[in-house]
Amino acid sequence: MLPEKKVKELVGLMNSISSVKIPTMKEVFDLFNMTMDEFMVDFLIKVGTTPKSIEDLKAIYVELKSTKEGWQEHFNNVTVCGFIHVESNERRDLYSLTPIFPGWIEFYILGPQNEQRKAVVEKFMDFYDNMFTMNKFPMRQINDYKSMKYPSKGVAPRFKVYPSTGSVAKKEVVLDTPLESKHEVLTANSVYELLDKFKDELAVGNCLCRLGKKYREGEDCDYDIPLESCMMLGAIATSLVENGSARKLTYEEAIAMIEDYDKKGCVHSTFHYKNSADLDEFAICNCCTDCCINYGGYLKGSLSKIYTRSYYSPKTVALEKCKGCNLCGKYCPTGATYYDKDKKELIFDYSKCVGCGQCVTQCHFDVRAMVEDQRDVFVKTRKPTKK
């Protein structure tokens, strides 16, 4: 067993470079024990939160081992396991410690399935189960209260949501203000712009959330999204392809995948280096409400609030065309819209809308259209439904 004090120190370092703080629960200690030995923990503590060159990393290894022997194997292992990653697209000569989640866990399981990766996914899902148990009074209220203060404290969302418009034609999206959030939800069209930006460095690997469902329930995604659906961009994509953790994509393959996922109901979310949108994107998560820990967890009653930057919202343009099919409700990731059959009314709660555009994409009757509407969206944790 790893020394608890050292694990807590490393968890603290990894949490310090992310807006998402992972508590040191039993399952987290188990994950570290499953994937690291004490030397790896000592090495990563020495790496710290300051970017390091390969020579710096090698010097830390030699300091701890008193020999250069085994250095290359160690470096390969530490990058394949996702404990460190290239600092940015501009500074590929530097490496940084990876946050726990989102970050290290996703990188660790991206590659070809094996028993070790399966065990890590299953253990992380054990951790995820705790989020449902903790969604109760007063934990839920305290969690939301702290998070609601993020905007006033200058803590930007960790992701962005770009809406799906149901069209694969490219469209220029002009933003009036600099990006400050940490996670975005993208329109399908904006996703294509990202693919243009990184067209020579695209990759895909296994999705943590869909693997979780497969290993837990023995079933594939209800939306027919494959396990290999987590798209990587830029320097990280190249690094992951080189170490065998991800498969290189052509530009044409990536476009076809996004178009397919869009039609099947995915919300396109981008993640950024250190969860900061001031830095480049490194991943496009194609989320669904069936498997996704973020949106699916929210709808199913996890201690999961949503804080994102969005650029669009749906506008009702032809309410008389609504047939009450409730496809909008089926695909909405936050329950912001649905058709109330008792009231015979189309419901829309703007405060819960993340602007993903699925209510427009899935609608066969052109009831709505997406309009530009940049805003930060905070959706409080959903109270569990009584069984």
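Notes on the structure follow. (Residues numbered from 1 in each chain as written. Predicted model: local features only at pLDDT ≥ 70, side-chain atom pairs only at ≥ 80, totals over all residues. Heavy atoms only, no water.)

A few words on the overall build of the protein chain. Along the protein chain, the regular secondary structure elements total 15 helices and 14 strands. Within the protein chain, the fraction of its 387 residues that count as buried is 56%. Here the protein chain has roughly 17500 Å² of accessible surface; of this, 51% comes from carbon and sulfur atoms. (Helix = DSSP H or I, 4+ residues; strand = E, 2+ residues; numbered from the N terminus. Buried < 20%, exposed > 50% of the residue type's maximum accessible area, 1.4 Å probe, protein only. Areas by Shrake-Rupley, 256 points an atom, 1.4 Å probe, with all protein chains shown as cover.)

Time to look at the nonpolar core. Within the largest apolar cluster, 103 residues are counted, with the highest numbers of intra-cluster contacts made by F32, M36, L44, W104, L195 and M232. Here F32 is in contact with L2, V7, L10, V11, M14, I100 and W104, once residues within four sequence places are set aside. Of all hydrophobic cores here, the second largest spans 10 residues; its members include C328, L346, C363 and V367. (Core = buried A, V, L, I, M, F, W, Y, C linked by side-chain atoms within 4.5 Å. Contact = heavy atoms within 4.5 Å.)

The subject of this paragraph is the environment of D290. Note on placement: D290 falls in the loop between β10 (281–287) and α13 (295–300). Here the alpha-carbon distance between D290 and R210, two residues 80 residues apart in the chain, equals 8.7 Å. Apart from the residues lying within four places of it in its own chain, the contact partners of D290 are K213, D220, C221, D222, Y223 and K300. Within the local environment of D290, its side chain forms a polar contact with the side chain of K213, the two groups lying 2.7 Å apart. (Polar contact = N/O pair within 3.5 Å; in protein donor to acceptor, adjacent residues only side chain to side chain.)

Moving on, we get to the packing of helix α4 (residues 54–65) against helix α5 (residues 71–80). It is at 11 Å that the axes of α4 and α5 come closest, and there the two elements cross at 115°. Judged by the inter-axis angle, α4 sits roughly perpendicular to α5. By crossing handedness, the relation of α4 to α5 is classed as right-handed. Across the interface between the two elements, I54, L57, K58 and Y61 from α4 touch W71, H74 and F75 from α5. Here the residues of the contact of α4 with α5 are counted per class, giving 5 nonpolar, 1 polar and 1 charged. (Axes fitted to C-alpha atoms, helices over the stretch in contact; angles between N-to-C directions. Parallel < 35°, antiparallel > 145°, perpendicular 65-115°, else oblique. Left-handed = near helix turned anticlockwise from the far one by under 90°. Nonpolar A, V, L, I, M, F, W, Y, C, P; charged D, E, K, R; others polar.)

Before going further, it helps to spend a moment on the pairing of strand β13 (residues 345–348). In the sheet, strand β12 (residues 337–340) pairs with β13 via 4 bridges, with the strands oriented antiparallel. Counterpart to Y338 in the pairing with β13 is I347. Hairpin geometry of β12 and β13 is characterised by an intervening segment of 4 residues between the two adjacent antiparallel strands and by a positive phi of about 55° at K344. (Pairing = 2+ DSSP bridges.)

With that settled, consider the sheet that holds strand β3 (residues 94–97). The antiparallel open sheet is built from 3 strands, whose spatial order is β1-β3-β2. The sheet is open, and its two edges are formed by β1 (52–53) and β2 (84–86), each paired on a single side. Two strands pair when backbone bridges link them, and β1 and β3 are joined in this way by 2 bridges, in the antiparallel orientation. Note that in β3 the partner of K52 across the bridge is Y95.

By the element assignment, T381 lies in the segment after β14 (368–379). We classify T381 as buried; its relative accessible area is 7%.

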